[in-house]
Amino acid sequence: MIYVFKTSVDNQSKFESASALLNQLLPESQWNFDLEDCDNILRVDSELDVAAILQNNTIFECIELE
C-alpha cells in the first residue's frame, strides 16, 4: 500500500534524522521524500500500518494525506 504524508522535513539535517528513523522503523519498506514540494511529501510503500507507526515519532511531524 502507498502512504502519502505532509511532513516538517524541510532541510538536509531533518532529512538525515528522518531517514535514520524510517530505516529503523520500516526496514522492509520503500520510501522517499519530495522536498521540492511545498508540503515536503513523504511517500511510503509498505504492507505495514505506516500511519500508526509514524504518528508518535519525535523526529518529524507528519500528517497522512488522503
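Quick summary incoming for the structure in this document. Since the structure is predicted, the reported quantities are computational estimates derived from the model, not experimental observations.

Quick look at the pattern of salt bridges
1) Next: Scanning the model with the defined rule gives two salt bridges in all.
2) Next: Measuring nitrogen to oxygen at the nearest pair gives 3.2 Å for the salt bridge that ties Lys14 to Asp10.
3) Next: By relative accessible area, Lys14 is classed as partly exposed at 35%.

Considerations on the environment of Ser19
1) Next: Note that Ser19 resides in helix 1 (residues 12-25).
2) Next: Ser19 sits 40 residues away from Ile59 along the chain, and the two C-alpha atoms are 9.9 Å apart.

A closer look at the nonpolar core
1) Next: Counting residues in each nonpolar core, the largest one holds 16 residues, and the members touching the most others are Phe5, Leu22, Leu42, Val44 and Phe60.
2) Next: Sequence-distant contacts of Phe5, that is, excluding residues within four places in its chain, are made with Asn40, Ile41, Leu42, Val44, Val50, Ala51, Leu54, Cys62, Ile63, Glu64 and Leu65.

A few points about a nonpolar patch on the surface
1) Next: Judged by side-chain polarity, Leu25, Leu48 and Ile53 come together as a nonpolar surface patch covering roughly 210 Å² of accessible area.
2) Next: Secondary-structure assignment places Leu25 in helix 1.
3) Next: Among the residues examined, Leu25 registers a relative accessible area of 32% and is labelled partly exposed.

Quick notes on helix 1
1) Next: When the terminal C-alpha atoms of helix 1 are compared, their 20 Å separation across 14 residues agrees well with the 20 Å that a helix rising 1.5 Å per residue should span.
2) Next: Three or more residues of helix 1 are buried, namely Ala18, Ser19, Leu21 and Leu22.
3) Next: Regarding helix 1, its N-cap is Asn11, as a side-chain oxygen of that residue lies 3.1 Å from the backbone nitrogen of Ser13 further along.

A short note on the packing of aromatic side chains
1) Next: Enumeration according to the criterion identifies five aromatic pairs in this entry.
2) Next: Consider the rings of Phe15 and Phe33, whose centres lie 5.7 Å apart with planes at 75°: the pair is edge-to-face. Here Phe15, found in helix 1, pairs with Phe33, found in strand 2 (residues 30-34); they are 18 residues apart in sequence, far enough to count as distant.
3) Next: Phe33 sits in the buried class, given a relative accessible area of 15%.
4) Next: Seen from their ring centres, Phe33 and Phe60 are 6.2 Å apart, and the 75° between their planes marks the pair as edge-to-face. With a gap of 27 residues between them, Phe33 in strand 2 and Phe60 in the loop between helix 2 (50-54) and strand 4 (62-65) connect regions that are remote in the sequence.
5) Next: Residue classification places Phe60 among the buried residues on the basis of a relative accessible area of 5%.
6) Next: An aromatic cluster of three or more residues is present, and its members are Phe15, Trp31, Phe33 and Phe60.

About the cut-offs
Residues numbered from 1 in each chain as written. Predicted model: local features only at pLDDT ≥ 70, side-chain atom pairs only at ≥ 80, totals over all residues. Heavy atoms only, no water. Salt bridge = Lys/Arg side-chain N within 4 Å of Asp/Glu carboxyl O. Buried < 20%, exposed > 50% of the residue type's maximum accessible area, 1.4 Å probe, protein only. Helix = DSSP H or I, 4+ residues; strand = E, 2+ residues; numbered from the N terminus. Core = buried A, V, L, I, M, F, W, Y, C linked by side-chain atoms within 4.5 Å. Contact = heavy atoms within 4.5 Å. Patch = residues over 30% accessible without salt bridge, like charges linked within 9 Å, V, L, I, M, F, W, Y side chains within 5 Å. Areas by Shrake-Rupley, 256 points an atom, 1.4 Å probe, with all protein chains shown as cover. Expected span 1.5 Å × (residues − 1). Polar contact = N/O pair within 3.5 Å; in protein donor to acceptor, adjacent residues only side chain to side chain. Phe/Tyr/Trp six-rings, centres within 6.5 Å; stacked < 30°, edge-to-face > 60°.

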